[in-house]
Amino acid sequence: RQEQYRRLRDLPSRTRDGVTIDLHINAGLLVDMSHLAETNAAGIGLFRTEIQFMVAQRLPTTGEQYALYASVLEAARGLPVTFRTLDIGGDKVLPYMEKVEEENPALGWRAIRIGLDRPGLLRSQVRALLRAGAGHHLRIMFPMVATVEEFESAKAIVAREEAHLARHGHPPPASLSLGVMVEVPSLLFHLDEIARRVDFMSVGSNDLLQFLFAADRENRQVAGRFDPLSRPALRALRLIAERAEAVGCPVTLCGEIGGRPLEAMALIGLGYRRLSMSPSALGPVKAMVLKLDAGAITAEMERLLAQDGELSVRNALQRFAEAND
Ligand code: PEP
Ligand code: MG
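Please read all numbers here as calculations on a predicted model, not as lab measurements. (Residues numbered from 1 in each chain as written. Chains lettered and ligands numbered in written order. Predicted model: local features only at pLDDT ≥ 70, side-chain atom pairs only at ≥ 80, totals over all residues. Heavy atoms only, no water.)

A.B. asks: So what exactly am I meant to see when it comes to the site of ligand 1 here?
C.D. replies: Close to ligand 1 lie 14 residues; R48, R84, G204, N206 and R217 are nearest. Contacts to ligand 1 include S205, whose backbone N or O atom sits 3.1 Å from an oxygen atom. Bound to the protein, ligand 1 loses 98% of the 290 Å² it would expose on its own. When the residues that make up the shell around ligand 1 are grouped by side-chain class, the tally is three nonpolar, four polar and seven charged. (Near = heavy atom within 4 Å. Polar contact = N/O pair within 3.5 Å; in protein donor to acceptor, adjacent residues only side chain to side chain. Areas by Shrake-Rupley, 256 points an atom, 1.4 Å probe, with all protein chains shown as cover. Nonpolar A, V, L, I, M, F, W, Y, C, P; charged D, E, K, R; others polar.)

Here it is in structure tokens:
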């Protein structure tokens, strides 16, 4: 099978009716960068910067962060890399950081919330990113943003660091794009406002679905209870794709569902044209894309979401996929 996917490596990622679907990979360590060439992915759609912090014995210095980001950009050879700022807290605890006792860590002090409350941490990371990004097209994305104000505050921290580096004579990035993860449901209800302010958005479907269904993604008793291919989930995901398109804001999806062929097919039917996934998922998803008629899946998704009936449309999509095989 792996051999079969290798043969697809050099084919453009395009559906039968000529729609290009950009397939990116998720990464978190320098060793992951070798997957770019192996898979021929369009870029790193999600670089999880917290991994460096999680494997370290103490807080990485700005210099250590800079060294990693510079190596990552070099290894990407001009392909886009989207760096997500620290997404710690919740289930991702750093042994060397103060531990706060929380009843509901997933809903607690995590990600951008820590970044804004402890701006020293976020500033150090942004400074490392801006320095590493000198001469590159730098993309920075903030996790767990729940309101437009949180994005504005994070953006202000970036502006401050840009000014600081300029004062010290550091060359700036060739361009700087700032984006947010769409993974807290509150953003769904001021999507246009956020989409107009950011340069790009990326749907974190792992968290978005956990919050949408109020089902802890780490809790095996409930994690499998709600199907991502159910109508409420798909309607939420469709809303994001629609509003992003309407406002002209590029949108990616970087949660696990983007790496599952049937789910990825549904996402293309909802309007997604950019997916980011684990490297091993890229071959199977690309095989699906090459066989797909984007027009037909779009019509099928419209039909399925217009009607009510069985909550999950998984079986119907399975039949659609088999008929197109
Ligand atoms: C997500 O929430 O879908 C996501 C991609 O981020 P993480 O899995 O790191 O929370
Ligand atoms: Mg997330």
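A.B. asks: I keep staring at unusual backbone geometry and nothing clicks. Help me out?
C.D. replies: Among all residues except glycine, the phi angle is most often negative; among peptide bonds, the trans geometry is most common. Unlike most non-glycine residues, R77 shows phi in positive territory, near 45 degrees. Position of R77 relative to the elements: it lies in the loop between α4 (62–76) and β3 (81–84). If you check the backbone angles, M144 has positive phi at about 60 degrees while not being a glycine. Within the secondary structure, M144 is located in the loop between β4 (137–142) and α7 (148–167). (Helix = DSSP H or I, 4+ residues; strand = E, 2+ residues; numbered from the N terminus.)

A.B. asks: I tried to follow the pairing of strand β5 (residues 175–182) on my own but got confused; where do I start?
C.D. replies: In summary, the side chains of a regular strand alternate between the two faces of the sheet. With respect to burial, β5 is a largely interior element, six of its eight residues being buried. With six bridges joining them, β4 and β5 adopt parallel strand pairing. Considered in β5, the bridge of L138 is made with L176. At this point the chain moves from β4, through α7, to the parallel β5, and the crossover so formed is right-handed. Pairing geometry for β5 and strand β6 (residues 200–203), over four bridges, is parallel. Directly across from G179, in β6, lies its bridge partner F200. Between β5 and its parallel partner β6, the chain crosses via helix α8 (residues 191–197), and the hand of that crossover is right-handed. (Buried < 20%, exposed > 50% of the residue type's maximum accessible area, 1.4 Å probe, protein only. Pairing = 2+ DSSP bridges. Right-handed = clockwise from strand over helix to strand, strands pointing away.)

A.B. asks: Would you mind going over the environment of H137 with me for this structure?
C.D. replies: Inspection of the secondary structure assignment puts H137 in strand β4. Expressed as a C-alpha distance, the spacing of H137 and L212, which sit 75 residues apart in the sequence, is 34 Å. Residue contacts for H137: discarding those within four places in its chain leaves A174 and S175. Only 2.6 Å separates the side chain of H137 from the side chain of S175, close enough to count as a polar contact. (Contact = heavy atoms within 4.5 Å.)

A.B. asks: Could you clarify how one ought to interpret the coordination of the magnesium ion (ligand 2) in this entry?
C.D. replies: Octahedral six-donor coordination of a metal ideally yields angles of 90 or 180 degrees, compared with 109.5 degrees for tetrahedral four-donor coordination. Donor atoms from the polypeptide that coordinate the magnesium ion (ligand 2) comprise E183 (OE) and D207 (OD), at 2.1 to 2.2 Å from the metal. In this pair, E183 is assigned in the loop between β5 and α8 and D207 in helix α9 (residues 205–212), connecting sequence segments 24 residues apart. Classification of E183 as buried rests on a relative accessible area of 1%. Taking relative accessible area as the criterion, D207 reaches 3% and is therefore assigned buried. (Donors = N, O, S within 2.8 Å, 3.2 Å for Na, K, Ca; no water.)

A.B. asks: Honestly, the nonpolar core in this entry has me stumped. Any pointers?
C.D. replies: One recurring pattern in soluble globular proteins is that nonpolar side chains are buried together. In terms of nonpolar packing, the biggest core is built from 93 residues, with F83, I194, M201, L237, I240, Y272 and L317 touching the most fellow members. Top contributing element to this core by residue count: helix α6 (residues 119–132), with seven residues. Contact partners of L317, with chain neighbours within four places excluded, come to L229, L262, M265, A266, I297, M301 and L304. Counting five residues, the second-largest nonpolar core is a separate cluster that includes M141, M181, F200 and C254. (Core = buried A, V, L, I, M, F, W, Y, C linked by side-chain atoms within 4.5 Å.)

A.B. asks: How do you make sense of the pattern of salt bridges when you look at a structure like this?
C.D. replies: Oppositely charged side chains can pair when the atoms bearing their charge come close. Taken as a whole and assessed by the stated rule, the structure comprises 21 salt bridges. E98 is the salt-bridge partner of R118, the closest N and O atoms lying 2.9 Å from each other. Within this pair, whereas R118 is found in the loop between α5 (112–117) and α6, its partner E98 is found in the loop between β3 and α5, the two being separated by 20 residues in sequence. We note a salt bridge from R197 to E152, for which the minimum N-O separation is 2.8 Å. (Salt bridge = Lys/Arg side-chain N within 4 Å of Asp/Glu carboxyl O.)

A.B. asks: Teacher, can you tell me more about a nonpolar patch on the surface here?
C.D. replies: A surface patch of nonpolar side chains, about 350 Å² in accessible area, is lined by L29, V31, M54 and V55. Judged by relative accessible area, which is 34%, M54 ranks as partly exposed. (Patch = residues over 30% accessible without salt bridge, like charges linked within 9 Å, V, L, I, M, F, W, Y side chains within 5 Å.)

A.B. asks: It is not clear to me how the environment of I240 should be interpreted in this structure. Could you clarify?
C.D. replies: Mapped onto the elements of the fold, I240 is located in helix α11 (residues 231–247). Its relative accessible area of 0% is what places I240 among the buried residues. Separated by 53 residues in the primary sequence, I240 and L187 have C-alpha atoms spaced 9.4 Å apart. Apart from residues no more than four positions distant in its own chain, I240 is found in contact with V182, L188, L191, M201, V203, L208, V251 and Y272.

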